Amino acid sequence: MFQNREYKWVYLFDEGKGKGSELLGGKGAGLSDMTSAGFPVPPGLLITTEACNSYYDYDKQFPEGMWTQTREMLGEIEKKTGKLFGDPANPLLVSVRSGARISMPGMMDTVLNLGLNDATVEGLAKLTSNEKFAYDSYRRFIAMFGEIVMDVPKENFHRVMERVLAQTATHNDNELTVEQLQEIITAFKRIIVSETHGIGFPEDPYEQLRMAISAVFDSWMGRRAIDYRRINQIPDNIGTAVTIQSMVFGNMGETSGTGVAFTRNPSTGEKKLYGEFLLNAQGEDVVAGVRTPMPIEKMKESLPEAFKNFTECCDRLEEYYCDMQDIEFTVENNVLYILQTRSGKRTGAASVRTAVEMVHENLIDKEKALLRVSPEHVDQLLHRGIDPKAKVDELTKGLPASPGAAQGKVVFDPDTAEEMGKAGEQVILVRQETSPDDFHGMVAAQAILTARGGMTSHAAVVARGMGKPCVAGAGAINVDYNNQLFHVDGRSICKGDWITIDGSTGRVLLGKVPTVEPTLDKNFETLMEWADEVRVLKVRTNADTPHDAKIAREFGAQGIGLCRTEHMFFQEERLAAVRKMILSENLAELHSTLAKMLPFQREDFAGIFKEMDGLPVTIRLLDPPLHEFLPGHEELLSELSELKTSLQNEQTMQTMDSTLDKIYEKRRLLRQVERMREQNPMLGLRGCRLGILYPDLTRMQVRAIFEAACEVQGEGKKVLPEIMIPLVSTAGELALQKQLVHETAEKVMGEHGVTVNYTVGTMIELPRAALTAGKIAEHADFFSFGTNDLTQTTLGLSRDDAGRFLTHYLDKKIYEDDPFQTIDQEGVGELIKIAVERGRAVKPLLKMGICGEHGGEARSIEFCHNIGLEYVSCSPFRVPVARLAAAHAALKNKVG
């Protein structure tokens, strides 16, 4: 931002109407609008967001002309109020508040009662004939200014207050005498001198104002504000406005008070005034919890006329903004003042109910209702959550890999999880990272916690598919398997200790924290129907079992976009069969093992086809490296060591033979693991390479698919299988595998005398595949973009290991967003667009969709809409989220 003293940096409230929140901040724009509309707003001025950005551009210096304009506008407020800033006889006091374009409640700093000093406090006492009120305001100001502007620890002030309050009968600050307040003020000033190395509390009101404005600007880059913006995807470069408003006082006695209220219940959406009120108090008393406020309805008994005026203002404000409002207000000697209004933050349930009911009340139309409910709000409704009233002890924080909340006893191995789960105990499986070996434990657990791994790690993907909460990549925890505990920040959590996982925020909480159940009602169904009316993108699901398919269809899925066949082998009996196949030493043994695997696959496919009657099912042939189905190298070495030790203690020949057999099998398994170990398995023997090297594996899977399809179609259901060949990088790979699919499919259909309509396509998940999409399209009936691997291969990142440094990259703005959560549009997105263009140049009607984990994320869905994909696919519990996000994308595109 350029430096120019002629540039307008400051606006009065009555100048700001129509200037917008981008310039004046949300709070400032609201105050300007309310002033113009005739609401009882104390006069004030606004320093723009541009001034904040310029402040940072020029090494924390006010832009030229801003301070002069501020003082000039302050003179206008003096005229409006009849008071003078810094005048000992008739002092004007002001509040200094932050106000970004997007509401960030509680994240930045506020200073009240600014302008008080040893002279003006006496003037305020005489002017109001209320000495106690004046000195109470002064002690509040010194403490707030000392903490926020001068970085004095608030505990220092609290200790003084506690010592003096201990001398009162009720320990309530309303009981303090003038003498006690003066004693507190003197002590506060001494503390500031001590903590600031002699600088001390400033007596000059203009110096107070200058310092407070700087403090608000500085708070824009404070730790909590930065964290809030990252979580809520708010840009850092929009800056904050500063609101300077003449003070009105809720602490002038029993005819005064302050409160915060919502025009509707922010938890449920019920159309009923909801809030709290305190007599003889200032605003921070309500939000800081230093006194217990009363329900807003009680204000009717204490201040009936002011309450009547307030309820009328609430109705007018909701009609004016056509949204639920969060209102801060003060009553000074029975006169009501509105200090702020903004759209109220609300839960998912309240968001949906409010949006739908406001359509019925003719306040908004359906399109506005849809845009008013965020995908995150819908996600809240689908999962159990932490009770917002609960007190929590946060152990650490990781990645919010799978939403929901669950409590359980800590366990460290899948067998124990399964055993305790069968016994009816709630457990949470804690691992360094998970593998297919852990699947049975994940099924038994209430939630999963891993120290390593990202948003698309094994733990995250499996947990989302099952609808279980998961926190991944909690790097602060150190898992000690030997001692069955994990360490975090100097604390040890042992096997059997209770913890609570909040997969929606990534928090790991100590103990059994209360949770609340999700509720889906008629309002939710109505909103989803409206979303389906406007969206263009279809929404499919990633589902590997009939159970997942059933849940997804109930949530409105229009097919399966990704059935990962490897997930069908994670159960113990099936995993043993896969391992036997890998260990096969000749063709006969291989065929025998594949014959045992086929019924498992056929059974699952039949169940999925039945659930998806009439809807397409995209089935990805086996994709991961085979070594992922084998135990870990270190685990096998440990087991071998234990078996050798036990062999020395065996008492009978029979038990020795049994142990020797186990040792032989473990050694055989270890040799295979060592033989198959790859330096970079993600780029090794996996995907279509497995099918090309082991064609019988492809034949077995295709046979299972078509035997199931023939069976289900014979029952009168409609089956639409789409066979997807994974990890193709050349057209030749797809052509070879497609030929094998056709040969096997024709053979099976001939055996059953049934014709099944099917297609064969590929997953585009390598950069070369995207760049050569035109050639690949010659052999493909569809493209499905696997953005998980496409992100890894394009950015050169491992989704499981990136968590070690990704937070640092986000902090440094190397990446604006986590590329494993939101599609990297400049890199990965550009490759997808190239593939779409080149594929459709060959086949204009080539079906295209996305099946990576990005398929359930709102901005990625909007990208898919804009480039003309036909569908997105996501986990079952994110289907409603994707339906709404797809509607948002259509509406924004329509508006834009």
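Keep in mind it's a predicted model, so treat the numbers as computed, not measured.

S.K.: Help me out: how do you make sense of the overall build of the chain in this one?
M.R.: From N to C terminus, the chain includes 34 helices and 33 strands. C-alpha extents for the chain along the principal axes are approximately 105 × 70 × 50 Å. Counting over 896 residues, the chain shows a buried share of 56%. Contacts in the chain between residues far apart in sequence, at least 24 positions, make up 70% of those at least 6 positions apart. If you sum the accessible surface of the chain, you get close to 37,300 Å²; carbon and sulfur atoms cover 49% of it. Positive and negative side-chain charges of the chain, numbering 101 and 127 respectively, have mean locations separated by a distance of 2 Å.

S.K.: Looking at this structure, how should I read the environment of leucine 831?
M.R.: Among the secondary structure elements, leucine 831 is positioned in helix 32 (residues 828–842). Not counting chain neighbours up to four residues away, the residues in contact with leucine 831 comprise Pro767, Ala770, Leu771, Leu790 and Thr794.

S.K.: Quick question: what am I supposed to make of helix 6 (residues 154–165) here?
M.R.: Because each turn of an α-helix spans 3.6 residues, side chains separated by three or four positions in sequence point in the same direction. The first and last C-alpha atoms of helix 6 sit 16 Å apart over twelve residues, in line with the 16 Å expected at 1.5 Å per residue. For helix 6, every residue scored as buried is listed here: Asn156, Phe157, Val160, Met161, Val164 and Leu165. For helix 6, the arc enclosing every buried residue in end-on projection is 165 degrees, short of the 170-degree limit, so these residues lie on one face. Facing away from the buried side of helix 6 by more than 90 degrees, the exposed set consists of Arg159 and Glu162. Those residues of helix 6 hidden inside the fold are in contact with helix 5 (131–148) and helix 7 (178–195).

S.K.: Which parts of the structure should I look at to understand the sheet that holds strand 14 (residues 394–397)?
M.R.: Across a sheet, paired strands are connected by hydrogen bonds in the backbone, their directions being either parallel or antiparallel. The strand order across the open sheet formed by eight strands is 14-24-23-16-17-18-19-15, and the pairing between neighbours is mixed. Two strands in the sheet have a free side with no partner beyond their single neighbour: strand 14 and strand 15 (399–402). Across this sheet, the average inter-strand angle for adjacent strands is 30 degrees, counted without regard to direction. Note: strand 15 against strand 19 (residues 470–472), three bridges, orientation antiparallel. When the bridges of strand 19 are listed, leucine 399 appears paired with alanine 472. Strand contacts of helix 16 (residues 414–422): strand 16 (405–411) and strand 17 (427–431), with the helix running at about 180 degrees to strand 17, the strand carrying the most contacts.

S.K.: Could you clarify how one ought to interpret the sheet that holds strand 10 (residues 294–295) in this entry?
M.R.: The five strands are arranged 10-9-8-11-12 in an open sheet whose pairing can be described as antiparallel. The open sheet has two free edges, formed respectively by strand 10 and strand 12 (335–343), since each of these has just one partner strand. Sheet analysis places strand 11 (residues 325–332) next to strand 12, joined by eight bridges and oriented antiparallel. Counted as the bridge partner of phenylalanine 329 is isoleucine 338 from strand 12.

S.K.: Sorry if this is basic, but what is going on with the pattern of salt bridges here?
M.R.: Where charged atoms of side chains with opposite charge meet at close range, the side chains can pair. In total, this model carries 51 salt bridges according to the counting rule given. Residues glutamate 15 and lysine 8 are paired through a salt bridge, measuring 3.6 Å at the closest nitrogen-oxygen approach. Take lysine 8: its relative accessible area is 30%, and that puts it in the partly exposed class. Across the pair arginine 264 and glutamate 318 runs a salt bridge, and its minimum N-O distance is 2.8 Å. One end of the pair, arginine 264, is in the loop between strand 8 (257–262) and strand 9 (274–279); the other, glutamate 318, is in helix 12 (residues 304–321), with 54 residues separating them in the sequence. Across the pair, exposure class does not vary: arginine 264 and glutamate 318 are buried alike. Overlapping salt bridges bring together Arg264, Lys271, Glu318, Arg353, Glu357 and Glu361 as one network.

S.K.: Sorry if this is basic, but what is going on with the nonpolar core here?
M.R.: A general trend in soluble globular proteins is that nonpolar side chains are found buried together. Residues Phe605, Phe609, Phe706, Phe783, Phe785 and Leu869 are the most contacted members of the largest nonpolar core, which totals 110 residues. Ranked by residues supplied to this core, first place goes to helix 26 (residues 695–714) with ten residues. Filtering out sequence-adjacent residues up to four positions away, phenylalanine 605 remains in contact with Cys563, Thr565, Met568, Ile619, Gln701, Ala704, Ile705 and Ala708. The next biggest cluster of nonpolar side chains, apart from the first, holds 73 residues, and it includes Met73, Leu93, Val94 and Phe145.

S.K.: I'm lost on the pairing of strand 9 in this one. Help?
M.R.: Successive residues of a regular strand alternate their side chains across the two faces of the sheet. With six bridges connecting them, strand 8 and strand 9 associate as antiparallel partners. Note on strand 9: the bridge partner recorded for threonine 258 is leucine 278. With two bridges connecting them, strand 9 and strand 10 associate as antiparallel partners. The residue of strand 10 that forms the bridge with phenylalanine 277 is methionine 294.

S.K.: Hey, could you run me through the pairing of strand 29 (residues 720–725) in this one?
M.R.: Within strand 29, five of the six residues are buried, leaving the element largely enclosed by the surrounding structure. Pairing analysis gives five bridges linking strand 28 (residues 616–620) to strand 29, with the strands arranged parallel. For proline 616, the partnering residue across the bridge sits in strand 29 and is leucine 720. In terms of strand pairing, strand 29 meets strand 30 (residues 759–764) through four bridges, oriented parallel. If you follow isoleucine 725 over to strand 30, its bridge partner there is threonine 762. Note that the unit made of strand 29, helix 27 (residues 731–752) and strand 30 has a crossover that is right-handed.

S.K.: I'm lost on the side chain of serine 95 in this one. Help?
M.R.: Among the structural elements, serine 95 can be located in strand 5 (residues 94–100). Since its relative accessible area comes to 3%, serine 95 is described here as buried. The contact partners of serine 95, leaving out residues within four places of it in the chain, are Val111, Leu112, Thr243, Ile244, Gln245 and Met247.

S.K.: What should I look at first to understand the packing of aromatic side chains in this one?
M.R.: Between two aromatic rings, the relevant description is the distance of the centres plus the angle of the planes. Considering all chains together, one arrives at 23 aromatic pairs under this definition. Cluster of aromatic residues (ring-pair linked, three or more members): Tyr55, Tyr56, Phe62, Trp67 and Phe217. Over the face of the ring belonging to tryptophan 220 we find arginine 229, whose NZ or CZ atom lies 4.0 Å from the ring centre.

S.K.: How should the packing of helix 5 against helix 7 be read in this particular structure?
M.R.: Relative placement of two packed helices is described by the angle separating their axes and the distance separating the axes. Where helix 5 contacts helix 7, the two axes come as close as 9 Å, and the packing angle between them is 20 degrees. Regarding the angle of helix 5 to helix 7, the classification is roughly parallel. Crossing hand, helix 5 versus helix 7: left-handed. Contacts between helix 5 and helix 7 involve Glu131, Lys132, Tyr135, Asp136, Tyr138, Arg139, Ile142, Ala143 and Gly146 from the first element and Val178, Leu181, Gln182, Ile184, Ile185, Phe188, Lys189 and Ile192 from the second. Partitioning the contact of helix 5 with helix 7 into residue classes produces ten nonpolar, two polar and five charged.

S.K.: Which parts of the structure should I look at to understand helix 27?
M.R.: In this model, helix 27 (22 residues) spans 32 Å end to end at C-alpha, consistent with the 32 Å of a helix rising 1.5 Å per residue. Taken together, the buried positions of helix 27 are Ala731, Glu733, Leu734, Gln737, Lys738, Leu740, Val741, Thr744, Ala745, Val748 and Met749. Buried-residue contacts for helix 27 involve helix 25 (688–693), helix 26, strand 29, strand 30 and helix 29 (773–777). Once helix 27 ends, the next one or two residues include glycine 753, with phi positive near 65 degrees.

S.K.: Would you take a moment to explain the packing of helix 2 (residues 49–57) against helix 8 (residues 205–219) for this structure?
M.R.: Where helix 2 contacts helix 8, the axes come no closer than 10 Å and their chain directions differ by 85 degrees. Of the possible angle classes, the one that applies to helix 2 and helix 8 is roughly perpendicular. Each of Ala51, Cys52, Tyr55 and Tyr56 in helix 2 lies in contact with helix 8, whose residues at this interface are Ser214, Phe217 and Asp218. Split by residue class, the contact of helix 2 with helix 8 holds five nonpolar, one polar and one charged.

S.K.: Please clarify how unusual backbone geometry should be interpreted in this entry.
M.R.: As a rule of thumb, non-glycine residues mostly have phi less than zero, and peptide bonds are mostly trans rather than cis. Positive phi, normally seen in glycine, also occurs at serine 129, with a value near 55 degrees. Here serine 129 lies in the loop between helix 4 (120–128) and helix 5. With a relative accessible area of 68%, serine 129 lands in the exposed category. A positive phi angle is found at asparagine 333, which is not glycine, with a value near 50 degrees.

Rules used throughout
Residues numbered from 1 in each chain as written. Predicted model: local features only at pLDDT ≥ 70, side-chain atom pairs only at ≥ 80, totals over all residues. Heavy atoms only, no water. Helix = DSSP H or I, 4+ residues; strand = E, 2+ residues; numbered from the N terminus. Buried < 20%, exposed > 50% of the residue type's maximum accessible area, 1.4 Å probe, protein only. Contact = heavy atoms within 4.5 Å. Areas by Shrake-Rupley, 256 points an atom, 1.4 Å probe, with all protein chains shown as cover. Lys, Arg positive; Asp, Glu negative; His and termini not counted. Charge placed at Lys NZ, Arg CZ, Asp CG, Glu CD. Expected span 1.5 Å × (residues − 1). Arc of directions from axis to C-beta. Pairing = 2+ DSSP bridges. Axes fitted to C-alpha atoms, helices over the stretch in contact; angles between N-to-C directions. Salt bridge = Lys/Arg side-chain N within 4 Å of Asp/Glu carboxyl O. Core = buried A, V, L, I, M, F, W, Y, C linked by side-chain atoms within 4.5 Å. Right-handed = clockwise from strand over helix to strand, strands pointing away. Phe/Tyr/Trp six-rings, centres within 6.5 Å; stacked < 30°, edge-to-face > 60°. Lys NZ or Arg CZ within 6 Å of the ring centre and 35° of its normal. Parallel < 35°, antiparallel > 145°, perpendicular 65-115°, else oblique. Left-handed = near helix turned anticlockwise from the far one by under 90°. Nonpolar A, V, L, I, M, F, W, Y, C, P; charged D, E, K, R; others polar.

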